[in-house]
Amino acid sequence: GVFGGVAGAAVGGAVGAQVGQFTGVLKETAEYSAALELQRKALKLVIGDTDKYNKAQEFLGKTSQKLAIPQDVITRQFTALTASVLGAGLSVDDAQKSFLAIASGIRGTGGTLEDMKSAMRATAQVFSKGKVSAEELRQQLGERLPGAFTLFADSMDMMPKDLDKALERGTVTLEDFIGFSELLLKRYEDNAKLLAQAPEAAGDRLQTELKKLKDNVGQLLRPVGADFQDTFTKIVNQINGASEALRKFLKIGEEYQEDKLKELLEEREKIISDISKLEILIPQTSIFSQFGSASRGELKNMLAGSKEELELLLPKIAAIKLAIKDTLIPIKDVNDEAKETT
């Protein structure tokens, strides 16, 4: 603006806005990558085996690409499902098979990513309970995956009414669910790949690639961001330490209130004692005139309030102390002169 006038100011504003947007994108990218890395670490802890974890990562990469599922979505959902599957005593391979089957079923029937998330939550609940219930199969899973109930019955060589009875008896097992997953894959895997690459899924494919880019760029930025945050954390720790030391030195804080009130009460008693001495030493002193028409008795009453009231009188008490000091010093000087003369 100084060098280019209004036009220069406009250009500067535009440049500043672009820089702001750019730094905002970098921040968002770094945060996305850090959150995704945290989720990956959670998956590694859930699996508990480096070799199996690496194979799971390879599976997620391929599945994300062919079914157009962003990395953050697929990693989070697979982590939750794997925890439930392993908790039920099954393997990571079973988790992968079930995940791919449900994802293929959702994609193959035209479902959205939100449908897939809901279906995965229902699947995780099945493995957490250790058995298949009508609630998950008919409602939570069936509402997102059309024909799921009938297909489940087919996988068990049953009629739907017979499956209903088996569900009521609680005899539908996790092994039956794995069989359902296998049939689901046969029925929908190819369709899912085709639909994921269709023009209608272009938005999901774009999101998948953009988030993959954010992850890659974020991994480059993460060390720089981590160094900055660590350094800033150390600076804040130093400031906190200094602030705490100063607070303790000045005795500021709730823990020091009782001590301050105690000191205040002691100060009050000393002031009242000094006022009494003044009354004896001289009939009239400048201390009382400093408080308008207040008499000695009124001044004492003012100082005889509760601790809370006394605390509110701190400014006046300071003035009283100063007045007493100004009054007593001349008296002391006169006494000292008298002693020397004597």
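As shown above, the structure is provided for reference.
This one's a predicted model, so the numbers in the text were calculated from it and none came from an experiment.

Cut-offs used in this document
- Residues numbered from 1 in each chain as written.
- Predicted model: local features only at pLDDT ≥ 70, side-chain atom pairs only at ≥ 80, totals over all residues.
- Heavy atoms only, no water.
- Helix = DSSP H or I, 4+ residues; strand = E, 2+ residues; numbered from the N terminus.
- Expected span 1.5 Å × (residues − 1).
- Bend = angle between axes of the 7 residues up to and from the residue.
- Buried < 20%, exposed > 50% of the residue type's maximum accessible area, 1.4 Å probe, protein only.
- Polar contact = N/O pair within 3.5 Å; in protein donor to acceptor, adjacent residues only side chain to side chain.
- Core = buried A, V, L, I, M, F, W, Y, C linked by side-chain atoms within 4.5 Å.
- Contact = heavy atoms within 4.5 Å.
- Phe/Tyr/Trp six-rings, centres within 6.5 Å; stacked < 30°, edge-to-face > 60°.
- Lys NZ or Arg CZ within 6 Å of the ring centre and 35° of its normal.
- Axes fitted to C-alpha atoms, helices over the stretch in contact; angles between N-to-C directions.
- Parallel < 35°, antiparallel > 145°, perpendicular 65-115°, else oblique.
- Nonpolar A, V, L, I, M, F, W, Y, C, P; charged D, E, K, R; others polar.

Explain helix H9 (residues 174-196) to me, and be specific about the residues and the numbers.
If you check H9, its first and last C-alpha atoms are just 29 Å apart, much less than what 23 residues at 1.5 Å a residue would give, namely 33 Å. The largest bend in H9 comes to about 50 degrees, at Tyr-188. Where H9 is concerned, the buried positions are Leu-174, Phe-177, Ile-178, Phe-180, Ser-181, Leu-184, Leu-185, Tyr-188, Ala-192 and Ala-196. The N-capping residue of H9, defined by a side-chain oxygen 3.4 Å from the backbone nitrogen of Glu-175, is Thr-173.

Mind laying out the nonpolar core, listing which residues take part and the relevant values?
In terms of nonpolar packing, the biggest core is built from 51 residues, with Ile-102, Phe-152, Leu-163, Phe-177 and Phe-180 touching the most fellow members. Put simply, the parts of the chain that give this core at least two residues each are helix H1 (5-47), helix H2 (50-67), helix H3 (71-87), helix H4 (92-108), helix H5 (113-129), helix H7 (148-155), helix H8 (160-169) and H9. The contacts of Ile-102, once residues within four sequence positions are left out, are Ala-119, Met-120, Thr-123, Leu-141, Phe-177, Phe-180 and Leu-184.

Which residues make up the packing of aromatic side chains, and what are the values?
This model, assessed by the stated rule, comprises seven aromatic pairs. When the centroid spacing of 6.1 Å and the interplanar angle of 55 degrees are considered together, the rings of Phe-152 and Phe-177 count as tilted. Of the two residues, Phe-152 sits in helix H7 while Phe-177 sits in helix H9, which places them 25 residues apart along the sequence. Accessibility expressed as a relative area gives 0% for Phe-152, which makes it buried. The exposure class assigned to Phe-177 is buried, which follows from its relative accessible area of 1%. Clustering of aromatic rings is evident, with ring pairs tying together Phe-127, Phe-152, Phe-177 and Phe-180. Taking the ring centre of Phe-149 as reference, the NZ or CZ of Arg-138 above it sits at 3.7 Å.

Lay out the packing of H2 against H4 with the relevant residues and their values.
Look at H2 against H4: their axes get within 11 Å of each other, and the N-to-C directions meet at 10 degrees. Our classification of the angle between H2 and H4 gives roughly parallel. On H4, the residues that touch Lys-52, Lys-55, Ala-56, Phe-59, Thr-63, Lys-66 and Leu-67 of H2 are Val-92, Gln-96, Phe-99, Leu-100, Ala-103, Ser-104 and Arg-107. Here the residues of the contact of H2 with H4 are counted per class, giving seven nonpolar, three polar and four charged.

This is a description of form; function is not addressed.
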